[in-house]
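Residue-level structural notes
Residues per chain, in single letters:
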Amino acid sequence: MPDFDQVAGDGILTWPESGLTLDEIKAELEDLARESADIWEKRITTDNTRLAFWENQSDDGLKHAVDEEEPEPFDGACDQKIRLADLLINEDVALLITAAMRARIKFSGVTEEDARKAAKLTILMRYVLMNIWGLTWIKELAKVANYYIGDTPAVALLKIYWKRETSLRLTNITAEELLEQYLQRAQQELEQSGLDEETKAGQLALAAQDFLGALQAPAATNAEYLQSILKEFFPHLRPRRAKQMIKQLRETGSAEYPEPYISANQPMIEGKRIWEEWFIPRNTGEFQEARVYFESDWLTKAQLYERITSEGWDQDFVEAVVGKDGEQGHEGESAVPEYTRETLNGPLTARDPSYYRGLYNIITAYFRALNDDGIPGRFYVVFHKDVKDPAKPPELINYVHGGYPGHVFQRETISGRMLDARGLGTLAASYQGLLKLYCDSFGDNAQLSGVPPMITRGRARMGALRLRPLGELPAKRDGDYKWLAPPQYPQTVVNMIMEIRRQVDDYFGRENKDNPPSGPQLAREFKVLWWLLNLREVLGQVFKLVQQFMPDEIIQRITNAQGQPLFAAGREEIQGQFDLELQFDPEDLDAEKMMKKGKMLKELVLAMDRSQQVDSGPIVEEFLYRLVPGVAPAAFKHRDQAVRDETQDETAKYQQIRAGMEPPLSDDGSEDYATRAAFYQQIQQANPEIFNDLPPDKAAILQSRIQRLQFLAQQYGANAQIGRQGAPPALEDRGQRTEVRGQQEEEGWKEEGRGLPSPN
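Below: a short report on this structure. Because the structure is predicted, anything quoted here is derived from the model rather than measured.

What follows concerns the sheet that holds strand β10 (residues 395-396). The strand order across the open sheet formed by five strands is β4-β5-β8-β9-β10, and the pairing between neighbours is antiparallel. Both outer strands of the open sheet, β4 (278-279) and β10, are each paired with one neighbouring strand and no more. Note: β4 against strand β5 (residues 292-299), two bridges, orientation antiparallel. Bridging across to β5, Trp 278 finds its partner in Glu 295.

See below:
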């Protein structure tokens, strides 16, 4: 069970006002229990469709006699599992999980100050998803995707909460350490007493003497005094553990004690299935506006007693649930029953309590109410349907986002009620049934045509005629029998199979040569868009929890690609107002389409940009993320960093030239030639005489390198367009050359001697 943040005075000691009472909450739950049979009737049908389950199935996919009843049309006839619903659900789940894994997270700040933090927050959220959750993120999303795509009702809850869990571990403490802690506590109390220093020192020495005397006394002496001291330092100690510690301290000088520590302090997510793990009134329109909803947990006896310590549950409540002193407990009793069918069309029967042997059903209700100050909020309370009092008084969910702790995914909106949404298991059932019928008949015809039975001519029948492959009929003389020629399989049935598949592809947005491609493309884009909009709501809640609760020591651990801490000051650095986006294009999964887009941008958009109005940096960054999203954050360098790296590398090349070596220069466009050429221009502007000390051989190397850099910069710049057109316009080219030459002369470019080469 979650440990939500508690706020004193907000419904902890008294029931919150203007909300549902516990009796009303239990009445709502009883109503849902009465409706459970209707939901489970659809659930069982939907599950059977996806699992392709029916009675009397065999592992070989053929029909066989059951209870001596011969199958129709013959023993060994086709009984295929047509997994159409499962195929459709798995396709959509794979698409959505891939979109979640490859989607690019982007933050934008509301204020100018927040905008400067936005890029760092992307790294923060990626740290939460990959480092804190890891596989849990994908696993819980896969559960949600399966539930809200395949189930009917087609909804699923992704619970989002902050888990702060305290556990106990055995720790050793010596008598000296315990005495030191005792004296520190006594000194703090004496400091507030107003006594003079001499008196305080005397009382402190007396306290130490009393403590040591009690510890060294016989076993039965001063036990209560020592237990009271231990209780001050270790409030969670039980009397039995305190006595054991005193005995160990007296015998060995040290003792083991249970020390509380924080075992979990992080955001958590859990995917939950409707009518199994959570329940909500059927007339609910929007999840966050629900008057009440419920979560169901099955706990062992040990887990129930553990919650007394970890979550402050009342011991009387736990004992009432499990039973005490011969009283009957509530093992295996479900608040909202689950149903099964012994046969495919048999009556619904509630699961037997033995199905939940050793488990106890605990319900958490979430509802809206007013706190002690009349301020509306959302509360939760833990209870058992047959126990009068709750596990503890209701508590406020003190989250800054102000909503219920979770988000509901809803596959479609066809009415004002959330639970009217239909899943693929229901929508595909009729198509799957027809396909099975026709495919089984096709298989039966294939068996009869491949190995048909034999018939006799003009003879009395020697036995019952059995229509089956390789069936044998007795004959009186040679040549008195022949193979049965089965009827040709109707082409109309084959056409019907193809038509059903076309209708399935058309309705569910799948690619098919008989359907226009615009339909599947639009369907995929909508599925991904709808999914990412839901995920954005999820990550929005998660981010607000991180802002509210993330420990500084975890935030300070997050670094950038260079290994530098991003948030040295801790949680204070992530405060502010931000908008979050998730970006993913389903066409990114098609490498051929990606290549076409990249080619169009390069050869059309950028080629038209003669005035250099388009900054290609964001375009390159976007394509890098879409091609290799996993490595893009570490691989991509912003323009200023890229220029620094190119300049730094060219500086090293310049030092090689001064040492008399000629460094290599690639000509494949892999280097920023313009930036490297500008490096020499800049250093000469700073010192016009910088190249004059070079001897002729080194000056020749330098001059050659600068000329090649200028040429390659032109080739991969203006000449990239010229190459497509054959030549530049004469007047335009002459004007550009004159302008460039004039600018270079004004900036001090040298064209003779050991200076920079002429731009011509």
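So that's the structure; there's more coming.
Turning to the pairing of strand β9 (residues 376-383), a few remarks are in order. Of all eight residues in β9, seven are buried, a share of seventy percent or more. Pairing of strand β8 (residues 360-370) with β9, which is carried by eight bridges, proceeds in the antiparallel orientation. Residue Arg 368 lies in a different strand from β9, and its bridge partner there is Arg 378. Counting the residues between successive antiparallel strands, the hairpin from β8 to β9 contains five residues, one of them, Gly 374, with a positive phi of roughly 80°. Bridging between β9 and β10 involves two bridges; their strand directions are antiparallel. Of the residues in β10, the one forming a bridge with Tyr 380 is Glu 395.

Bringing the pattern of salt bridges into the picture now. Summed over all chains, the structure comprises 34 salt bridges. Close ionic contact of Glu 140 with Lys 143 constitutes a salt bridge, the shortest N to O distance being 3.2 Å. In this pair, Glu 140 and Lys 143 are both assigned in helix α4 (residues 135-150), three residues apart and thus about one turn of the helix distant. For Glu 140, a relative accessible area of 8% puts it in the buried group. Take Lys 143: its relative accessible area is 25%, and that puts it in the partly exposed class. In this structure, the salt-bridge partner of Glu 306 is Arg 307, at a minimum N-O distance of 3.3 Å. Residue Arg 307 is classed as buried on the basis of its relative accessible area of 10%.

A few words now on unusual backbone geometry. If a residue is not glycine, its phi is most likely negative; likewise, a peptide bond is most likely trans. A cis amide bond, omega 0°, links Glu 72 with the succeeding residue Pro 73. With respect to the secondary-structure elements, Pro 73 resides in the loop between α1 (22-51) and α2 (84-102). Cis geometry is found at the peptide bond from Thr 152 to Pro 153, where omega equals 5°. By secondary structure assignment, the location of Pro 153 is in the loop between α4 and β2 (155-174). For Ala 52, which is not a glycine, the phi torsion comes out positive at approximately 50°. Among the structural elements, Ala 52 can be located in the loop between α1 and α2. Residue Asn 56 is not a glycine yet carries a positive backbone phi of 60°. Note that Asn 56 resides in the loop between α1 and α2.

So, on to the sheet that holds β2. With antiparallel pairing, the three strands of this open sheet are ordered in space as β3-β2-β11. Of all strands in the sheet, those bounded by a partner on one side alone are β3 (254-273) and β11 (406-410). Adjacent strand axes in the sheet meet at a mean angle of 20° when their direction is disregarded. As paired strands, β2 and β3 are joined by 19 bridges and run antiparallel to one another. Its bridge partner being in β3, Thr 171 is matched across the sheet by Tyr 257.

Before going further, it helps to spend a moment on the packing of helix α9 (residues 301-310) against helix α10 (residues 315-322). Packing of α9 against α10 leaves a shortest axis separation of 9 Å and a crossing angle of 170°. In terms of their interaxial angle, α9 and α10 are classed as roughly antiparallel. Across the interface between the two elements, Lys 301, Leu 304, Tyr 305 and Ile 308 from α9 touch Gln 315, Val 318, Glu 319, Val 321 and Val 322 from α10. For the contact of α9 with α10, the class distribution of residues is six nonpolar, one polar and two charged.

The next point concerns the pairing of β11. Regular strands show a simple pattern: their side chains alternate between the two faces of the sheet. The buried fraction of β11 amounts to five of the five residues, a majority that puts the element mostly inside the structure. Alternating residues of β11 divide into Gly 406, Val 408 and Gln 410 and His 407 and Phe 409, and every residue in both groups is buried. Bridging between β2 and β11 involves five bridges; their strand directions are antiparallel. Considered in β11, the bridge of Leu 157 is made with Val 408.

Cut-off values and rules
Residues numbered from 1 in each chain as written. Predicted model: local features only at pLDDT ≥ 70, side-chain atom pairs only at ≥ 80, totals over all residues. Heavy atoms only, no water. Pairing = 2+ DSSP bridges. Helix = DSSP H or I, 4+ residues; strand = E, 2+ residues; numbered from the N terminus. Buried < 20%, exposed > 50% of the residue type's maximum accessible area, 1.4 Å probe, protein only. Salt bridge = Lys/Arg side-chain N within 4 Å of Asp/Glu carboxyl O. Axes fitted to C-alpha atoms, helices over the stretch in contact; angles between N-to-C directions. Parallel < 35°, antiparallel > 145°, perpendicular 65-115°, else oblique. Contact = heavy atoms within 4.5 Å. Nonpolar A, V, L, I, M, F, W, Y, C, P; charged D, E, K, R; others polar.

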